Amino acid sequence: MPYGDGMTGRTRSEERRAEIVRAAVEVIAGRGYRGASLAAVAERVGLTQQGLLHYFPTKEALLVAVLRERDQWDAVPDSRWRLDLLRSLVEYNAMRPGIVQTFSALLGESVTEGHPAREFFTERYTAVRANMAAVLREQYGERLPSGLTPERAAPLLVAVMDGLQYQWLLDPESVDMPAAFRDFLTLLGED
């Protein structure tokens, strides 16, 4: 049954979930996953902790929603990444340090056994490496100028992107993330 404003209960619930996820991103960015509490997220959106649990039954469920939302922001509509789009993504990330910090903090925490985001990141990196191998194959064929196959070079490309984020977050005055990524592309033989 529609509400007076024409919204259905489902739409209203989806909007509320999105609002909670945005608040969780802010709280996690400021406190890290382990320091973030459901109570702090609930307070930001004007709910009780019990009310928040109606939308996300566990802190882990909220964490995974935050990670999935972050990946949606970076999605390419036709799922076909190219090197020029990766360059644009690095430039875009340089304009949103809070999101990059949240992602990086959760990634760092997820390497511990039993962390609720470990499975998410493990699956994500499997997919990201496959996507990067496809990007490199599209650009270079079966061998890069160095002789590496796209599958061998893909983890290196991912490591450069994520490693630059950490260095930039720690010392943004000294590390120009977009420029450093352009330099890396130059090493690959890109203009």
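Structure: above.
Residues numbered from 1 in each chain as written. Predicted model: local features only at pLDDT ≥ 70, side-chain atom pairs only at ≥ 80, totals over all residues. Heavy atoms only, no water.

Q: Teacher, can you tell me more about the overall build of the protein chain here?
A: Of regular secondary structure, the protein chain possesses nine helices and zero strands. Reading the secondary structure of the protein chain in the N-to-C direction produces α-α-α-α-α-α-α-α-α. Counting all 191 residues of the protein chain, 40% fall into the buried class. Summarising the internal contacts of the protein chain: among those between residues at least 6 apart in sequence, 59% fall at separations of at least 24. Taken as a whole, the protein chain presents about 10,900 Å² of accessible surface, with 52% of it coming from carbon and sulfur. Averaged over its 22 positive side-chain charges, the protein chain has a centre that lies 4 Å from the centre of its 27 negative ones. (Helix = DSSP H or I, 4+ residues; strand = E, 2+ residues; numbered from the N terminus. Buried < 20%, exposed > 50% of the residue type's maximum accessible area, 1.4 Å probe, protein only. Contact = heavy atoms within 4.5 Å. Areas by Shrake-Rupley, 256 points an atom, 1.4 Å probe, with all protein chains shown as cover. Lys, Arg positive; Asp, Glu negative; His and termini not counted. Charge placed at Lys NZ, Arg CZ, Asp CG, Glu CD.)

Q: Hey, could you run me through the pattern of salt bridges in this one?
A: Opposite charge on two side chains permits pairing when their charged atoms draw close. This model, assessed by the stated rule, comprises six salt bridges. Between Glu 26 and Arg 44 there is a salt bridge; the shortest N-O distance is 2.7 Å. Separated by 18 residues along the polypeptide, Glu 26 in helix H1 (residues 9–35) and Arg 44 in helix H2 (residues 38–44) bring together distant segments of the chain. Looking at Glu 26, the relative accessible area reads 45%, which means it is partly exposed. On the basis of relative accessibility, which here comes to 48%, the residue Arg 44 falls in the partly exposed class. A salt bridge links Arg 82 to Asp 84; its shortest N-O distance comes to 2.9 Å. (Salt bridge = Lys/Arg side-chain N within 4 Å of Asp/Glu carboxyl O.)

Q: Would you explain the packing of aromatic side chains in this entry?
A: Here a ring pair, both rings aromatic, is described through the centre-centre distance and the interplanar angle of the planes. One pass over the structure, following the stated rule, counts four aromatic pairs. Each ring, one from Phe 120 and one from Phe 121, has its centre 5.4 Å from the other, and the planes form 80°; the classification is edge-to-face. Comparing Phe 120 with Phe 121 shows no difference in burial state: the two are buried. Lying across the ring of Tyr 125, Arg 124 places its NZ or CZ 5.6 Å from the centre. (Phe/Tyr/Trp six-rings, centres within 6.5 Å; stacked < 30°, edge-to-face > 60°. Lys NZ or Arg CZ within 6 Å of the ring centre and 35° of its normal.)

Q: In this structure, what is going on with helix H6 (residues 97–110)? I would like to understand it.
A: For an α-helix the count is 3.6 residues per turn, leaving residues at separations of three or four pointing the same way. Between its first and last C-alpha, H6 extends 20 Å over 14 residues, near the 20 Å set by a 1.5 Å rise per residue. Within H6, burial applies to Ile 99, Val 100, Thr 102, Phe 103, Ser 104, Leu 106, Leu 107, Glu 109 and Ser 110. (Expected span 1.5 Å × (residues − 1).)

Q: Where do I start with the nonpolar core in this structure?
A: What tends to happen in soluble globular proteins is that the nonpolar side chains get buried as a cluster. In this structure, Leu 86, Phe 121, Met 132 and Phe 181 are the most contacted members of the largest nonpolar core, which totals 55 residues. It is helix H7 (residues 118–140) that contributes the most residues to this core, nine residues altogether. (Core = buried A, V, L, I, M, F, W, Y, C linked by side-chain atoms within 4.5 Å.)

Q: So what exactly am I meant to see when it comes to helix H9 (residues 177–187) here?
A: Taken together, the buried positions of H9 are occupied by Met 177, Pro 178, Ala 179, Phe 181, Phe 184 and Leu 185. Each element contacted by the buried residues of H9 is listed here: helix H5 (83–93) and helix H8 (150–170). The N-capping residue of H9, defined by a side-chain oxygen 3.2 Å from the backbone nitrogen of Ala 179, is Asp 176. (Polar contact = N/O pair within 3.5 Å; in protein donor to acceptor, adjacent residues only side chain to side chain.)

Q: I keep staring at the packing of H5 against H9 and nothing clicks. Help me out?
A: Between two packed helices, the angle of one axis relative to the other and the distance separating the axes together describe the packing. Packing of H5 against H9 leaves a shortest axis separation of 8 Å and a crossing angle of 160°. Overall, the two elements H5 and H9 adopt an arrangement that is roughly antiparallel. Handedness of the crossing formed by H5 with H9: right-handed. Contacts between H5 and H9 pair Leu 83, Leu 86, Arg 87, Val 90, Glu 91 and Asn 93 from the former with Met 177, Pro 178, Phe 181, Arg 182 and Leu 185 from the latter. Here the contact of H5 with H9 is built from residues that sort into seven nonpolar, one polar and three charged. (Axes fitted to C-alpha atoms, helices over the stretch in contact; angles between N-to-C directions. Parallel < 35°, antiparallel > 145°, perpendicular 65-115°, else oblique. Left-handed = near helix turned anticlockwise from the far one by under 90°. Nonpolar A, V, L, I, M, F, W, Y, C, P; charged D, E, K, R; others polar.)

Q: Got a minute to help me understand the environment of Ser 110 in this structure?
A: Following the sequence through the fold, Ser 110 ends up in helix H6. When the C-alpha positions of Ser 110 and Thr 122 are compared, they lie 9.1 Å apart, and in sequence the two are 12 residues distant. Setting aside anything within four residues of it in sequence, one finds Ser 110 in contact with His 115, Ala 117, Arg 118 and Phe 121. Here the side chain of Ser 110 touches Leu 107 through a polar contact of 2.8 Å, landing on its backbone oxygen.

Interpretation note: all reported values are geometric properties and have no functional meaning in isolation.
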